[in-house]
Amino acid sequence: MSERLYPTNKKRRSLLFTGVHLHSFAKVENAVILPYVDVGESARLANVVIDRGVRIPDGLVVGEDPELDAKRFRTTQQGICLITQPMIDGLKA
């Protein structure tokens, strides 16, 4: 596995696959991030599974507000969020 990390980002209890790019100040915790995901600057992601090739926008916060997460993403009863590119594209609409 290879990922591109900056000294200013944080990764905790997470599995990052090939080609994952965490921009500056991005934070991931309890995450499974599939190949070629781009996590934008200052994004905060907790308890997520991110599909292959997703582009996470700068500053996106997931995993801190369960009600908001349930409106925007597919979530389990345990609070794990699945994030796909169509879900991200829907945030802009």
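Residues numbered from 1 in each chain as written. Predicted model: local features only at pLDDT ≥ 70, side-chain atom pairs only at ≥ 80, totals over all residues. Heavy atoms only, no water.

(A) Region of interest: the environment of Pro57. Checked against the element boundaries, Pro57 lands in the loop between β8 (55-56) and β9 (61-62). Each C-alpha atom of the pair Pro57 and Leu91 lies 9.8 Å from the other, and the pair is 34 residues apart in sequence. Setting aside anything within four residues of it in sequence, one finds Pro57 in contact with Gly40, Ala43 and Ile88. (Helix = DSSP H or I, 4+ residues; strand = E, 2+ residues; numbered from the N terminus. Contact = heavy atoms within 4.5 Å.)

(B) Region of interest: unusual backbone geometry. Even without being a glycine, Tyr36 presents a positive backbone phi close to 60°. Of note, Tyr36 is situated in the loop between β5 (27-33) and β6 (38-39). Tyr36 sits in the partly exposed class, given a relative accessible area of 43%. You will see that Ser42, though not glycine, has its phi angle at about 65°, which is positive. Position of Ser42 relative to the elements: it lies in the loop between β6 and β7 (44-50). (Buried < 20%, exposed > 50% of the residue type's maximum accessible area, 1.4 Å probe, protein only.)

(C) Broad picture of the nonpolar core. Counting residues in each nonpolar core, the largest one holds 22 residues, and the members touching the most others are Leu45, Ile50, Ile56 and Ile83. Sequence-distant contacts of Ile83, that is, excluding residues within four places in its chain, are made with Val48, Val49, Ile50, Asp51, Val54, Ile56, Val62, Phe73 and Ile88. (Core = buried A, V, L, I, M, F, W, Y, C linked by side-chain atoms within 4.5 Å.)

(D) How the structure looks around the environment of His23. Its place among the elements puts His23 in the loop between β4 (20-22) and β5. For His23, a relative accessible area of 23% puts it in the partly exposed group. Sequence-wise, His23 and Gly40 are 17 residues apart; in three dimensions their C-alpha atoms are separated by 5.4 Å.

Geometric descriptors of this kind do not, in isolation, establish any biological role.
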